[in-house]
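Commentary on secondary and tertiary structure
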Amino acid sequence: MSNLSARTGRDHQRYDNNFRLVSGCIPYRMVRDEEEEDSTSVDFENKLEVLMVSSPNRHDLVFPKGGWEDDETVLEAASREAMEEAGVKGILREDPLGVWEFRSKSSSMEAECRLAGRCKGYMFALEVKEELAIWPEQENRERRWLNVKEALELCRYEWMQSALEEFLRVMSEEGSTKEDFLALSSISSRGERQIDPQYCSVVN
């Protein structure tokens, strides 16, 4: 069994001007076709896959995300949520895709009610290097790899669709060739630094 467990409760939750701070990521991988090894062009919509998970007690799909707590950085929160909700570890890009304001659909917590569910979400790109066979929230979540077009159609929230569109734009610009794209995960002009090895590493 895994010795990792999911965090619960809101005792360490961060807030900013009545916004609950949330951190999450878009886990991704590149699907390589052996017949196209000599090709330098990348069809991102078909060759890039993203990982989504089902919401507890529902079958709709979302990207891993959750509360950013006061004893961790926003990057650590994003990588922790990826491990807890989707059971994946990898290389997290340090530059955020963006920050989105949205309202949480959950009203089960008093704090959510008091703040009318107002959240501010920081989203990052995570290149998946490991999929765990056992992870903290596997009892309540199913994970599913999708191409970008499928993910856009099945994504539950508009703000997550917007984050996915930004993710695709960034990947398309920075990985215009297959060689360039694959280099993103291993080469950085500013180097790579570890944050918490049980979750992931971070690349600038």
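Structural notes, computed from the coordinates. Fair warning: this is a prediction, and the values are worked out from it, not measured in the lab. (Residues numbered from 1 in each chain as written. Predicted model: local features only at pLDDT ≥ 70, side-chain atom pairs only at ≥ 80, totals over all residues. Heavy atoms only, no water.)

Description of the overall build of the protein chain
- A count of helical and extended segments in the protein chain gives six helices and eleven strands.
- Of all 204 residues assigned to the protein chain, the portion counted as buried reaches 49%.
- Taking the contacts inside the protein chain whose residues are at least 6 apart along the sequence as the reference set, 72% of them involve residues at least 24 apart.
- Of the roughly 10700 Å² of accessible surface on the protein chain, a fraction of 42% belongs to carbon and sulfur atoms. (Helix = DSSP H or I, 4+ residues; strand = E, 2+ residues; numbered from the N terminus. Buried < 20%, exposed > 50% of the residue type's maximum accessible area, 1.4 Å probe, protein only. Contact = heavy atoms within 4.5 Å. Areas by Shrake-Rupley, 256 points an atom, 1.4 Å probe, with all protein chains shown as cover.)

So, the nonpolar core
- Core analysis: the biggest nonpolar cluster contains 46 residues, and Ile26, Val50, Phe63, Leu164 and Phe167 have the highest contact counts within it.
- No other element matches helix H5 (residues 158-174), which puts eight residues into this core. (Core = buried A, V, L, I, M, F, W, Y, C linked by side-chain atoms within 4.5 Å.)

Examining H5
- The end-to-end C-alpha distance of H5, which contains 17 residues, comes to 24 Å, matching closely the 24 Å that a straight helix rising 1.5 Å per residue would cover.
- Taken residue by residue, H5 has Trp159, Met160, Ala163, Leu164, Phe167, Leu168, Val170 and Met171 as its buried positions. (Expected span 1.5 Å × (residues − 1).)

Here's the deal with the pairing of strand S6 (residues 88-93)
- For S6, a buried count of six out of six residues is recorded, marking the element as mostly surrounded by other parts of the structure.
- Note: S6 against strand S8 (residues 118-131), five bridges, orientation antiparallel. Directly across from glycine 90, in S8, lies its bridge partner valine 128. (Pairing = 2+ DSSP bridges.)

Some thoughts on unusual backbone geometry
- The phi angle at asparagine 17 is positive, at roughly 50 degrees, despite the residue not being glycine.
- By the element assignment, asparagine 17 lies in the loop between strand S1 (15-16) and strand S2 (19-30).
- One non-glycine residue, asparagine 18, lies in positive phi territory at about 70 degrees.
- For asparagine 18, the location among the structural elements is in the loop between S1 and S2.
- Here asparagine 18 falls in the partly exposed class, since its relative accessible area comes to 48%.

A word on the packing of aromatic side chains
- Tallied over the full model, the rule gives three aromatic pairs.
- Pairing tryptophan 68 with tyrosine 122 gives two aromatic rings, centres 5.7 Å apart and planes at 80 degrees, and the pair type is edge-to-face. In this pair, tryptophan 68 is assigned in the loop between strand S5 (65-67) and helix H2 (74-86) and tyrosine 122 in strand S8, connecting sequence segments 54 residues apart.
- Ring centres 4.2 Å apart and planes at 5 degrees place the aromatic pair phenylalanine 102 and tryptophan 159 in the stacked group. (Phe/Tyr/Trp six-rings, centres within 6.5 Å; stacked < 30°, edge-to-face > 60°.)

So, the pattern of salt bridges
- Per the stated rule, a full pass over the model turns up 13 salt bridges.
- Residue arginine 141 pairs with glutamate 137 through a salt bridge whose shortest N-O separation is 2.7 Å. Of the two residues, arginine 141 and glutamate 137, both sit in the buried class.
- Of the charged contacts, one joins arginine 169 and glutamate 166 as a salt bridge, the two residues approaching to 2.5 Å between their closest N and O atoms. Here arginine 169 pairs with glutamate 166, and both are found in helix H5, just three residues apart, close to one helical turn.
- On the basis of relative accessible area, arginine 169 is assigned to the partly exposed category, the value being 37%. (Salt bridge = Lys/Arg side-chain N within 4 Å of Asp/Glu carboxyl O.)

Concerning the pairing of strand S3 (residues 48-54)
- Extensive coverage of S3 is indicated by the burial of seven of its seven residues.
- Side chains Leu48, Val50, Met52 and Ser54 of S3 all project onto a buried face; the interleaved residues Glu49, Leu51 and Val53 project onto the opposite face, where all are buried too.
- Relative to strand S4 (residues 61-62), S3 runs antiparallel, the two being bridged by two bridges. Of the residues in S4, the one forming a bridge with valine 53 is valine 62.
- Linking S3 back to S4 in an antiparallel pair, the connection comprises six residues, with asparagine 57 at a positive phi of about 65 degrees.

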